[in-house]
Amino acid sequence: MARQLLGKEVTAVLNTKIKENVALVKAKGISPTLGIVRLGEKKNDLSYERGAIKCCEALGVACEKYLLPVDVTQEKLLKVIHQINHNDKIHGVLIFRPLPKHLDEAAVIHALALEKDVDGITNGSLVGVFTGIKQGFAPCTSQACMEILDHYGIHCMGKKAVVVGRSLVVGKPVAMMLLEKNATVTICHTRTEHMPSVVKEADIVIAAVGRAGLIDDRYVSPGQTVIDVGINVNQKGKLCGDVAYEKVHSVVEAITPVPGAVGIVTTSVLVSHVVEAAMRQYSI
Ligand code: NAP
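Every chain is numbered on its own, with residues counted from 1 as its sequence reads. Selection of residues for local features in this predicted model requires a pLDDT of at least 70, selection of side-chain atom pairs for listing and counting requires 80 or more, and totals for whole chains, interfaces and linings are taken over all residues. As a convention, hydrogens and water are excluded, and side-chain values are obtained from all of the structure's heavy atoms.

Trainee: Looking at this structure, how should I read the nonpolar core?
Mentor: A general tendency of soluble globular proteins is for nonpolar side chains to be buried together. Residues Leu34, Ile148, Leu149, Leu178, Ile206 and Ile227 are the most contacted members of the largest nonpolar core, which totals 55 residues. Only helix H1 (7–27), strand E2 (33–39), helix H2 (43–59), helix H6 (140–151), strand E5 (160–164), helix H7 (171–180), strand E7 (204–207) and helix H10 (262–281) provide two or more residues apiece to this core. The dominant element in this core, judged by the number of residues it contributes, is H10, at ten residues. Within this scheme, the nonpolar core is defined by two criteria: the residues are buried Ala, Val, Leu, Ile, Met, Phe, Trp, Tyr or Cys, and they are joined through side-chain atoms within 4.5 Å. When a residue's accessible area, from a 1.4 Å probe over protein chains only, is under 20% of the maximum for its type it is buried; when over 50% it is exposed; and in between it is partly exposed. Core analysis: the next-biggest nonpolar cluster, separate from the first, contains 19 residues, Val37, Val72, Ile95 and Ile109 among them. Runs of H or I in DSSP of at least four residues are treated as helices and runs of E of at least two as strands, each being numbered from the N terminus.

Written as structure tokens, this is what we have:
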């Protein structure tokens, strides 16, 4: 039976460091603050927002909500982003996406100030991840995967890592972060041939697919570490990952449960980025 890699064990350490940094920032008379931009009332957005606010409150970080109707115009939304960019009291921004179809999402992302991009969505942040230059912030979920590996002492150097999924939110950035740690990285996607045998070869598997239980026992082998990024709802209405946990945990060496791992670490990483953004903005 696999070792469970638990988010709460990772966040216990992360949160201690965040609290220390919050104290440093507050000692300068600054209250680290996350700006949340949400359009409409999507269930998933509301659920993530609740978790983020709870985590912020527990760690001494304030939140300021910018709630807009789902039919907001591009002009109005850009105006809000510009206001936030120029508001010294907001240090980091979370914009819920995807935006409704009538909006130009790329233009909205482009409008966000790099120094406040705590969710790693701007091109500037992605340049940081892809080149190794220290600018912006890594996408929180990708960093959460790396924090879990790091916390449990799972070394990437020289190891074969397979990332399933190539989105800019998770798959591609986490692949770059694994490469930065000297793993040999393969990225799988819908056109990958013989995917089970490709995934089986890995030492580290990151599943970021968005398909409930896709990675089952045909894809895994003994000795592997499996990080499940997926957040799906199965046919019984239960939250589940991209990995068929019940079929996989008896084969592999270590695995993250869903819920209870990547999701909660992602939230802590987001809060850590807000505090770090405040520290960078005030050279603390
Ligand atoms: P996405 O944008 O839909 O990308 C999914 C990726 O998976 C695509 O690259 C797609 O390949 C690939 N894919 C889909 N079906 C596949 C299949 N049958 N075989 C091989 N590859 C397949 O999703 P995402 O935003 O990256 O999110 C992935 C999952 O992570 C979702 O479950 C999402 O809810 C979850 N997530 C969790 C967190 C968290 O904090 N825990 C944060 C973000 C996302 P193509 O490129 O070829 O289409």
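Continuing now.
Trainee: Quick question: what am I supposed to make of the sheet that holds strand E4 (residues 92–95) here?
Mentor: Pairing between the strands of a sheet is mediated by backbone hydrogen bonds and can be parallel or antiparallel. Any two strands with at least two DSSP-identified bridges between them are counted as paired. Spatially, the three strands line up as an open sheet ordered E3-E2-E4, and their pairing is parallel. Here the strands that pair on one side only, and so sit at the sheet edges, are strand E3 (62–68) and E4. Each neighbouring strand pair of the sheet contributes to a mean axis angle of 20°, computed without reference to strand direction. It only takes one pair of heavy atoms within 4.5 Å for two residues to be counted as in contact. Here the axes come from fitting lines to C-alpha atoms, over the contacting stretch only for helices, and the angles between their N-to-C directions go from 0 to 180 degrees. The strands touched by helix H3 (residues 74–85) within the sheet are E2, E3 and E4, with E3 carrying the most contacts at an inclination of about 165°.

Trainee: Where do I start with the site of the ligand in this structure?
Mentor: The cutoff for a nearby residue is simple: one of its non-hydrogen atoms must lie within 4 Å of the molecule or strand. Taken together, 21 residues lie around the ligand, and Thr141, Arg166, Ser167, Thr190 and Ile231 are the ones closest in. Taking Thr190, its side chain carries an N or O atom lying 2.4 Å from an oxygen atom of the ligand. The definition of a polar contact used here is a pair of N or O atoms within 3.5 Å, where within protein one atom must be able to donate a hydrogen and the other to accept one, and adjacent residues in sequence count solely through side-chain atom pairs. Within the backbone of Val229, a nitrogen or oxygen atom sits 3.5 Å from a nitrogen atom of the ligand. The protein chains shown are the only cover counted for residues, whose accessible areas, like all others here, come from Shrake-Rupley with a 1.4 Å probe. Notes on the ligand: free accessible area 920 Å², of which the protein chains cover 72%. Top element by residues in the shell around the ligand is H10. It accounts for three residues.

Trainee: Any chance you could explain unusual backbone geometry here in plain terms?
Mentor: Negative phi values dominate among residues other than glycine, just as trans dominates among peptide bonds. Each neighbour pair has its own omega, and for Arg97 with Pro98 the value is 0°, a cis peptide bond. Locating Pro98 in the fold gives a position in the loop between E4 and helix H4 (105–111). Cis geometry marks the peptide bond from Val258 to Pro259, where omega comes out at 0°. As for its placement among the helices and strands, Pro259 is situated in the loop between strand E11 (254–255) and H10. If you check the backbone angles, His194 has positive phi at about 50° while not being a glycine. By secondary structure assignment, the location of His194 is in the loop between strand E6 (184–188) and helix H8 (195–200). Take His194: its relative accessible area is 61%, and that puts it in the exposed class. Its identity as a non-glycine residue notwithstanding, Ser283 has a phi of 50°, on the positive side. Examined against the element boundaries, Ser283 turns out to sit in the segment after H10. Overall, the relative accessible area of 68% leaves Ser283 in the exposed class.

Trainee: Even after reading the chapter, I still don't get the side chain of Thr266, so can you show me in this structure?
Mentor: Position of Thr266 relative to the elements: it lies in helix H10. Discounting residues that sit within four places of it in the chain, Thr266 has contacts with Tyr48, Cys140, Thr141 and Ala144.

Trainee: Looking at this structure, how should I read H6?
Mentor: Think of an α-helix as turning once every 3.6 residues; residues three or four places apart then point the same way. Helix span, expected: 1.5 Å multiplied by one less than the number of residues in the helix. For H6, which comprises twelve residues, the first-to-last C-alpha distance of 16 Å matches the rise-based estimate of 16 Å (1.5 Å per residue) to within 8%. Taken across its twelve residues, H6 has ten buried, putting it largely inside the fold. Of the residues making up H6, those classed as buried are Cys140, Thr141, Ser142, Gln143, Ala144, Cys145, Met146, Glu147, Ile148 and Leu149. Residues of H6 that are buried sit in contact with H1, H7, E7, strand E8 (225–228) and H10. Positive backbone phi, approximately 65°, marks Gly153, located one or two places after H6.

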